[in-house]
Amino acid sequence: MTFTLMGIPGLEAQHLWLSLPFFSMFLAILISNGAILYMLHMEPTLHTPMYLLLALLMVADLISALALLPKLLCLFWFNDRDIAVNACFTQMFFIHGTSVVRSALLVAMAFDRYVAVCEPLRYHMVLSHSLVGRLGLMALAKGVILILPMPLLLQRLTFCHMVIPHTYCDHMAVVKLACDDTRPNRIYGLFVILLVVGLDLVLIGFSYGLILQAVIRLNSRDAICKALNTCSAHLSVILLTYVPALFSSLTHRLGHNTPPHAHILCANLYLLLPSMFNPIIYGMKTKDIKIKVAKCLCGRHS
């Protein structure tokens, strides 16, 4: 049994042209994330908790892009729309699973920034490599435990329709194809969204509330600027991750007059934009990475 991916409804004639920006994003994600991961691996001075968490985030970004874009580009270039049911459920697991892992890692990075600003003298004592490893495993376990029931619940359904009006196997897009009662699937999907976005944003907000409280107590203007600059890259990544995701979710549920192609483009961009811009943001705003990149470029030029 196979599903058929429609692509972007209403823009089928433009699929070939749309493939150009998506292919450019794919190359940018592979090159930028791969380059930062290689640099973090090769430079012993960057083997610190913050950069280890950043490396895990970039691995999640790469897996998300690899789960989404190869099939999407085959659809755009070769009109290869068919996808086996098991392959569809596997793609769904990796796309949604990496989103959950990414969100959990952002919570861990918020804790890292809290310790760096509020307990700088105890930073390496609190955030040991073993703790970072446990945080990474917890993020992975959260992604697997929360997302694995989605394809398992879908396997019990009978499908009346086999055409998915999307570029990938989105959970709700597949649920809508079923003939059976889909309330358990819908309720569980909503539960995952509320747990991941709601709880993670509360924890991140709590961490930054404590950071802001500590920053307000500082007397020196330079110290305040330094403390805020320490968190700037992480805050930028949080905004880039959650704002498009919330916008996509709201337009999907409330924007009944929004054209279908707008829903699909938003759903794709909220997955791809963080993966593309995370290494750029950390490369521009993180002094250590900026110095290492400059050294590499200067060495090659000379």
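For the structure itself, consult the block above.
The following paragraphs examine the structure supplied in this document. Everything quoted here is computed from the prediction, not taken from an experiment.

What counts, and where the lines are drawn
Residues numbered from 1 in each chain as written. Predicted model: local features only at pLDDT ≥ 70, side-chain atom pairs only at ≥ 80, totals over all residues. Heavy atoms only, no water. Salt bridge = Lys/Arg side-chain N within 4 Å of Asp/Glu carboxyl O. Helix = DSSP H or I, 4+ residues; strand = E, 2+ residues; numbered from the N terminus. Buried < 20%, exposed > 50% of the residue type's maximum accessible area, 1.4 Å probe, protein only. Phe/Tyr/Trp six-rings, centres within 6.5 Å; stacked < 30°, edge-to-face > 60°. 1 Å grid on protein atoms, 1.4 Å probe; cavity = no way out; pocket = protein on both sides within 12 Å on 5 of 7 lines; lining within 4 Å. Points joined across faces, edges and corners; volume = space filled by probe spheres on them. Nonpolar A, V, L, I, M, F, W, Y, C, P; charged D, E, K, R; others polar. Patch = residues over 30% accessible without salt bridge, like charges linked within 9 Å, V, L, I, M, F, W, Y side chains within 5 Å. Areas by Shrake-Rupley, 256 points an atom, 1.4 Å probe, with all protein chains shown as cover. Disulfide = S-S within 2.5 Å. Axes fitted to C-alpha atoms, helices over the stretch in contact; angles between N-to-C directions. Parallel < 35°, antiparallel > 145°, perpendicular 65-115°, else oblique. Left-handed = near helix turned anticlockwise from the far one by under 90°.

Brief notes about the pattern of salt bridges
Item 1. In total, this model carries six salt bridges according to the counting rule given.
Item 2. As a salt-bridge pair, Asp-61 and Arg-102 come within 2.9 Å of each other at their nearest N and O atoms. Here Asp-61, found in helix H2 (residues 49-78), pairs with Arg-102, found in helix H3 (residues 85-118); they are 41 residues apart in sequence, far enough to count as distant. Arg-102 carries the same exposure label as Asp-61, and that label is buried.
Item 3. Across the pair Asp-112 and Arg-113 runs a salt bridge, and its minimum N-O distance is 2.6 Å.

Observations regarding the packing of aromatic side chains
Item 1. Overall, the coordinates contain eight aromatic pairs when judged by the stated rule.
Item 2. Geometrically, the ring pair formed by Phe-22 and Phe-76 is edge-to-face, given 5.8 Å between the ring centres and 65° between the ring planes. Of this pair, Phe-22 sits in helix H1 (residues 15-42) while Phe-76 sits in helix H2; the two residues are 54 residues apart in sequence, bridging distant segments of the chain.
Item 3. Taking 5.4 Å as the distance between ring centres and 75° as the angle between the ring planes, the aromatic pair formed by Phe-93 and Phe-94 counts as edge-to-face.
Item 4. What links up through ring pairs into an aromatic cluster is the set Phe-3, Phe-89 and Phe-159.

Here's the deal with empty space enclosed by the protein
Item 1. Applying the stated rule across the entire model yields one cavity of 30 Å³ or more.
Item 2. Here the largest cavity is characterised by a volume of approximately 40 Å³.
Item 3. Residue lining of the largest cavity: Met-50, Met-109, Asp-112, Arg-113, His-234 and Tyr-282, and that is the complete set.
Item 4. Element by element, the count of residues in the lining of the largest cavity is highest for H3, at three residues.
Item 5. Considered class by class, the residues forming the lining of the largest cavity number three nonpolar, one polar and two charged.

Quick look at the layout of surface pockets
Think of a ball as big as a water molecule: rolled over the atoms, this probe shows where empty space is left.
Item 1. In this structure, the second largest pocket occupies an estimated 690 Å³ of space.
Item 2. As for the second largest pocket, its lining consists of 23 residues, and the residues nearest its centre are Met-50, Arg-113, Ala-116, Lys-226 and Thr-230.
Item 3. For the lining of the second largest pocket, the secondary-structure elements that each account for two or more residues are H2, H3, helix H4 (123-126), helix H9 (221-254), helix H10 (260-285) and helix H11 (287-301).
Item 4. Sort the elements by how many residues they give to the lining of the second largest pocket and H9 lands first, with eight residues.
Item 5. Grouping the amino acids of the lining of the second largest pocket by side-chain chemistry returns eleven nonpolar, seven polar and five charged.

Some words on a nonpolar patch on the surface
Item 1. The grouping of Leu-16, Phe-23, Leu-27, Leu-30, Ile-31, Leu-66, Trp-77 and Phe-78 at the surface amounts to a nonpolar patch, some 790 Å² of accessible area in total.
Item 2. Listing elements by their share of the nonpolar patch, those giving two or more residues are H1 and H2.

So, the state of the cysteines
Item 1. By the definition in use, this model includes two disulfides.
Item 2. With its sulfur 2.0 Å from that of its partner, Cys-88 forms a disulfide with Cys-169. The chirality of the disulfide connecting Cys-88 with Cys-169 is left-handed, given an S-S dihedral of about -125°. Separated by 81 residues along the polypeptide, Cys-88 in helix H3 and Cys-169 in the loop between strand S3 (163-164) and helix H7 (171-175) bring together distant segments of the chain. Cys-169 shares its class with Cys-88; the two are buried.

Notes on the packing of H1 against H2
Item 1. Direction vectors running N to C along H1 and H2 enclose 155°, while the axes themselves pass 9 Å from each other. As far as their axial angle goes, H2 and H1 are roughly antiparallel. Of the two possible hands of crossing, H1 and H2 adopt the one that is left-handed.
Item 2. Across the contact of H1 with H2, the residue classes tally to 25 nonpolar, three polar and one charged.

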